[in-house]
Every structure is written in C-alpha cells, then in structure tokens.
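# A structural walkthrough
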Amino acid sequence: MTEAFWALGRASGVVLLLLMTVSMLLGLLTRSGRPLVRLPRFGVLLAHRNIALLSVVFLGVHVVSLLLDPYAQLKLIDVVVPFGAARAPIAVGLGAVALDLMLAVAITALLRRRLGHRVFRVVHWAAYVLWPIALLHGVTAGSDGRSLPFLALSAFTATAVGAAVVWRMTDHFVEYRRIRTEPAR
Amino acid sequence: MSASTALHIDWTRCRGRGMCTELLTGLGRDEWGYPLVAGGGSDLPIRTHDVEAADDAVALCPVLALSIRPARPTR
Amino acid sequence: MSSTSTPDLARATLGVPRLLTGHGPGYGEHLRALGPLPQRAGLVDEIARSGLTGRGGAAFPTSTKLAAMAPRGVVIGNGSEGEPLSAKDELLLHNRPHLVIDGLLATAHALAARRLHLVVGAASEEPVRRALRERGDADAIEVTVAPDRFVGGEASAVVDLLATGRGLPKDHAVRLTTRGLRGRSTLVQNVETLAHIGLIARVGGERWGAVGVPEDRGTRLFSISGDVAHPGVIEAPGGSSLRSLIAPSSPQPVSAVLVGGYHGAWVGRDALERTVGASSKHGAIPAGAGILVVLGDRSCGLRTAAEIAAYLAAESAGQCGPCVNGLPALADLVSRVADGDRDPRLPAQVERMAGLVEGRGACHHPDGTAKMVRSALVAFADDVAAHQHGFCRAAR
C-alpha cells in the first residue's frame, strides 16, 4: 500500500512536468495572438487554461500521495514553506517554491476580472520562474530523477520551452507586430 | 431587431489579439488586427443568438478590454 | 429679481460684450461692476431657463448635465484648453477670473458639491491664484495646472489628471456625472460656461438669454487666427453669421474657414452667410470651442489640412490602437494629396482611413481628426481635382 503512494507521487510528478510544459507552450502561443493550425485563438486560450488547471489538480495528487508516503517523511509545512524538510531539504524546497508560485498564478488567473489586468499580468510572469524550478525539483527530488528516461524527458521539455521563449523574444512573435505600432504601456 | 445590450471595446486596453473576432460574426479585424465592428464605432449591438458568444468574449479577452453595457452609448 | 438689478448691473451683464467688458481683473472692480455673488435659490432652474450650452466644444445643454449630478459631488472648472489655437479660456482667466470663480462657486453651491477644482493652463495659474487670494469665499477651490497637450482638455482626461496626475483620456464606461473623480459624481464645465453661470446667478436665466437667437442664446467667445490681420478673441451673440464674426479681423479675401478648431470642419467662402451656433440644427455651423481659423486665398487648404492632420496624429495620447496606427496613416494620405501625388485612388483612400478611425477610441480625438479631414476634402474639392491634375491653385 505504501508503495502505491510512492508510485502515485512519482507518476503524478512526471504527468505534472508534461502538463506544465504544454501549458507553458500554449500560454506563449496565446500571448502571440496566433491560432494553432486548425485550433482558433480562443481554443488555444481555453486549452491553456484547462491544462493549467488540470496541472493544479495533479499537483494536489502529487502532494497528497507524497504526504501519505512514509518514506518521504514529508510534513505538511514542508509542502508550503521551502527548505525545511527532514529529507533532501533543497530538492523538496524547490518543489515548495514551485507550488507557492503555481498557486499564486492560478488564483490570480481565476480572479483576473476582480484583481484587474495589471496584477494578473505581473503575477503570471512568475510562470517563467516556476517552470524551471519545477523541472529542477523533478531532477533533484525524484527517486528516478537522474535516470536516463527522465533526463531525456527533461531535456526534451526544456528544449521545447526554451525554443518558445526564444521565439517570444523575436520581432514577429506577436501577430501583426510588424504591421502595427503598439499603443504605449 | 433592436438589441438592448452592446459589447463595448475599451480601446485603451485592447491590444488586438483577435479572440473576440473569432467568437462574434459582427466583428472583423482592421489592417492592424484590431477588432472592427460591422457598423463602425466601439460598440457591437448584441443580438439574441450572440448573447453567449458575447459573454464568452468578455470572459476570454486576454486584456480585459471588453464589457457589456446598455446598447445606447453613454456619453 | 429686477429689484436687485441696478441699471449698472444690467449694462454689465446683459449687453454684448458681457464677458470681455474691458475692466480690470481685480476683485474690487469686479464687485463694483457686478456686486457680490447672490446666494440664489433655484440656480439650476435659472440655467435651464437660460438655454446655456457648454462652451468647451460639445455644446451639451448645461442644465441637463447639472440635473444628472448627485449631491456631495465634484465640480471641476476646465480651463486647460489643450487646443493651441484657442485663446479664449486663457483670456477669460486673465481678465475675468472672478466671474469664472463666481460661476464655479454658484454651481457648487447649487449642487451641494463637496470638492471644487479649477484646472488651468500654465499661463493662467498665477492670475487665477492671485484672484483666489483676493477673496475670502474661494478657499475650497483647488487649482491644478494641466499639461500642454491637445487631448488633455477632454473631460475624462481632466478627471484623470486630478486622480493620477497623468491627464489621459479614459474609456467612457459610465458618465462622469454618475461616477467620476474617485468614484464621485463629477461635473466638468468649461470656464467660459462658468463665467456665463456667474452672470445668470445675478440676473436670472431669462434676462441672460434675451440676447442671441432661440436656438443659441447668450454670447459666445471666438478665438480667431490664421490668415487674418488681427488674431484674437471676440465675443458675439448667438445667431451671428460667419462673415460677421471674421470680418473685423480679416479684411483680405477669404477662401475657407476652419470652424470649431482642429476637430472642427472646413467650410468654403460660400458658407460665410451661415450662422455659427451651438449645434448643426437650423443650418448652423457648430462652433465647437469657438475657434475660427481663416484661410486666405493665397494659402492651399489641402496643405493646411495636411499639417493639422500631422499635428493631430502626433498629439494622440498613444493609448488606443486604431488612433495610434490610423491617424499617422490618415495624415500621410492627406499629405500625399497636398504634395500633388496624382494617384487617382488617393481621395477614396483618405475617406476609407477616416472611416476606419472614427468612433474607435476612448476619446473623440480620432473622430475629430476624421471630421476635419473629411470636411477638407469637401471644402477643397476643387483643389483636390487641381492637385490630381498636377497644379495647385494657391501657387498662383
């Protein structure tokens, strides 16, 4: 039974990496204002939103399963407050930082209309920090974090997100950018 | 056919991402990508069968530039 | 009310001119001419009876705006005058500051307003502050200097200036009278309008409105510039013809007049007999903020229109996509017409671009620019045809 929690914790971690990666890519695509082949712009946005919310759900599964796993020796406070865990404080702490950031991003996104666009946008930028921290947490804290398959998966997702971020910084990232003058601010 | 509400574009916020133009048939895009109301101006009258699409557009606008207001523009 | 009006008061308040009377700006002279500001009950009704319309450009009936105000609101006197060719607000604030202050105090009292602001151009700050120090009843008025920016005079920009210090136009989600400065019911009134209220508070709406015509009562200030011998500000009764307004300052032949300023409309010399009024009803040319730019027959109207369009494009606050992109494109097209580009599609392209920016901004800057450009194509239709054939009529 305890093995099952460990397995679930590990599997949900891998799924989380995939979901967060896809969410990052779709989020960047949303920001560009471009459709995805046959998927219209609002479809890209909805996919981004739903996959991001799904990753919050998997984050819950990930945390609960590892809290229940006796080998992890994880206390509830270690999940939220970083770098105080009994076992692997740094590696687990990275996960706590990622979790805090992810909750902040998710909550401000859900309350976007109430908080206003500025708060939403500033907090949403945390995604660029949260994703690499989460990846680092996976490599350092995962029991198979340094196994070849996981390292290969990590390299693959990092390449994808990295490429998207490079695209983000190019001139023609935003649709119409080369045609129009953007208003100030 | 007189609509009682209208979808209003706050141009100070709009950055022409084009999502609303996919959701509402009455909205096109100008040559710079900004939404273009079929009858001109900043307000698209919402017809009965467009009510849901207009609500979606308001909820999905990435920069919160859309709102629903009484059809007659308040000046 | 006639019992309270001495013959002197009648002469000072009921004739033409009544704002530009030529007496000094001091409080003593003001009181000698008009007496103290009476605490008149029912001022809002008197203003309704007067038929006074806003003198800032939109010509909205003042009483309608007052009626929309909630108690404990904000009253803002707007003398920011972003339009470079308008000189009347500054002149008024220099010469009759106490009449403007009277209007502001009377309006605030009638509306039970809590906060009073006077927003003025940099050149008027000192005379206004001096006037406020001269009297004991105006301590509640807070003076703010507006940045010298074309769109800064727009009501929502004035409210934004007081709220944030930036002075940028805002999206009109609700009327300012419903929710304005810091959420309070807010009235923004041009300083000339307030000066007229200062007179109505003394003599009543009916006597104030005895001058003028039924559709445009009272007097109005006009800033006259362009190809004229004597640029300046004049005061004229409602119902005045364009010819009578410009005749004293421009003896030479006139080919066109831009009525209402940079957001106004060009009219050709065939329109000189038309009246300039509050609105376009009864065949009048809307006065806007009372700016008249005279074009002599030696100037090319298309060249002037192109220069104004370029100025207006540069004066965009830069907030709204269609304005930021459309106004430079529009100015460029007009300038090509003025330069003698013979592409036959140009006039249609100007029309199309004007239509593309119209109504698509938080303020009326794109609309006003489109209106000015469109009217130029009509008023200078012969010049457009001439330019298309490779010559300019103004070049002799």
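Scroll up a little and you will see the structure.
Please read all numbers here as calculations on a predicted model, not as lab measurements.

This paragraph deals with the overall build of chain A. Along its length, chain A carries 8 helices and 0 strands. In chain A, the succession of helices and strands from N to C terminus is α-α-α-α-α-α-α-α. Computed over C-alpha atoms, the radius of gyration of chain A comes to 18 Å, within 12% of the 16 Å expected from 2.2 N^0.38 for 185 residues, which places it in the range of a compact globule. The buried share among the 185 residues of chain A stands at 38%. Counting contacts in chain A only where the partners sit at least 6 residues apart, residues at least 24 apart contribute 60% of the total. Total accessible area on chain A is roughly 10300 Å²; 73% of this is exposed by carbon and sulfur atoms. Looking at charge distribution, chain A has the averaged site of its 19 positive side-chain charges lying 13 Å from that of its 8 negative ones.

Turning to the overall build of chain B, a few remarks are in order. The secondary structure content of chain B amounts to 2 helices and 5 strands. When the helices and strands of chain B are placed in sequence order, the string is β-α-β-β-β-α-β. Taken over the C-alpha trace, chain B has a radius of gyration of 11 Å; the compact-globule value for 75 residues is 11 Å, and the two agree within 12%. Projecting the C-alpha coordinates of chain B onto the three principal axes gives extents of approximately 30 × 25 × 20 Å.

Each side of the interface is counted separately: chain C has 8 residues, and chain A has 6 residues. Carbon and sulfur atoms make up 44% of the surface buried where chain C meets chain A, a total of about 460 Å² over both sides. Between chain C and chain A we count 0 salt bridges in total. Our enumeration of links across chain C and chain A arrives at 2 residue pairs in polar contact (both at pLDDT 80 or more). A class-by-class count of the residues in the side of chain C that touches chain A yields 3 nonpolar, 4 polar and 1 charged.

All names here are of chain A. With respect to the helices and strands, Ile107 occurs in helix H4 (residues 89-110). A relative accessible area of 47% places Ile107 in the partly exposed class. Sequence-wise, Ile107 and Val123 are 16 residues apart; in three dimensions their C-alpha atoms are separated by 9.7 Å.

Reports of interface size often rely on the accessible area that becomes lost once the parts have come together. Chain A puts 23 residues into the contact, and the matching count from chain B is 21 residues. With both sides pooled, the region where chain A packs onto chain B buries about 1900 Å², and carbon together with sulfur makes up 53% of that total. In terms of surface lost to chain B, no three residues of chain A exceed Phe42, Arg113 and Arg180 of chain A, which account for 29% of the buried area on that side. Linking chain A to chain B there are 2 salt bridges. The interface formed by chain A and chain B contains 11 residue pairs in polar contact (both at pLDDT 80 or more).

Another point: the environment of Pro286 of chain C. All names here are of chain C. Tracing the backbone shows Pro286 in strand S12 (residues 285-286). Look at Pro286 and you get partly exposed, because its relative accessible area is 32%. Considering only alpha carbons, one finds Pro286 and Ala58, 228 residues apart in sequence, at a separation of 9.2 Å. With sequence-adjacent residues up to four places away left out, Pro286 is seen in contact with Val259, Gly277, Ala278, Ser279 and Ser280.

Our next topic: the sheet that holds strand S5 (residues 66-70) of chain B. By definition, the strands of a sheet pair up through backbone hydrogen bonds, in either a parallel or an antiparallel sense. Residues and elements named next belong to chain B. Read from one edge to the other, the open sheet built from 3 strands follows the order S4-S1-S5, with strand pairing classed as antiparallel. Edge strands, defined here as strands with exactly one partner in the open sheet, are strand S4 (43-45) and S5. The mean inter-strand angle of the sheet, taken between neighbouring strand axes irrespective of direction, is 30°. Pairing analysis gives 5 bridges linking strand S1 (residues 5-9) to S5, with the strands arranged antiparallel. Residue pairing for S5: Leu7 is matched across the bridge by Ile68. The strands that helix H2 (residues 51-60) touches are S1 and S5; relative to S5, the one it contacts most, it runs at about 135°.

Before going further, it helps to spend a moment on a nonpolar patch on the surface. Residue and element names in this part refer to chain A. Taken together, Leu53, Leu103, Ile107, Leu110, Leu111, Leu115 and Val119 make up a surface patch of nonpolar side chains, about 560 Å² in accessible area. The element best represented in the nonpolar patch is H4, accounting for 3 residues. Looking at the secondary structure, you find Leu111 in the loop between H4 and helix H5 (112-115).

Let us look at unusual backbone geometry. Residue and element names in this part refer to chain C. The omega torsion across Val16 and Pro17 is 0°, close enough to zero to call that bond cis. Assignment of secondary structure puts Pro17 in the loop between helix H1 (7-14) and helix H2 (27-34). One non-glycine residue, Ala59, adopts positive backbone phi at about 55°. Considering the arrangement of structural elements, one finds Ala59 in the loop between helix H3 (43-50) and helix H4 (62-67).

What counts, and at which threshold
Residues numbered from 1 in each chain as written. Chains lettered and ligands numbered in written order. Predicted model: local features only at pLDDT ≥ 70, side-chain atom pairs only at ≥ 80, totals over all residues. Heavy atoms only, no water. Helix = DSSP H or I, 4+ residues; strand = E, 2+ residues; numbered from the N terminus. Rg over C-alpha atoms; globule rule 2.2 N^0.38 Å. Buried < 20%, exposed > 50% of the residue type's maximum accessible area, 1.4 Å probe, protein only. Contact = heavy atoms within 4.5 Å. Areas by Shrake-Rupley, 256 points an atom, 1.4 Å probe, with all protein chains shown as cover. Lys, Arg positive; Asp, Glu negative; His and termini not counted. Charge placed at Lys NZ, Arg CZ, Asp CG, Glu CD. Buried area = accessible area lost by both parts, 1.4 Å probe. Salt bridge = Lys/Arg side-chain N within 4 Å of Asp/Glu carboxyl O. Polar contact = N/O pair within 3.5 Å; in protein donor to acceptor, adjacent residues only side chain to side chain. Nonpolar A, V, L, I, M, F, W, Y, C, P; charged D, E, K, R; others polar. Pairing = 2+ DSSP bridges. Axes fitted to C-alpha atoms, helices over the stretch in contact; angles between N-to-C directions. Patch = residues over 30% accessible without salt bridge, like charges linked within 9 Å, V, L, I, M, F, W, Y side chains within 5 Å.

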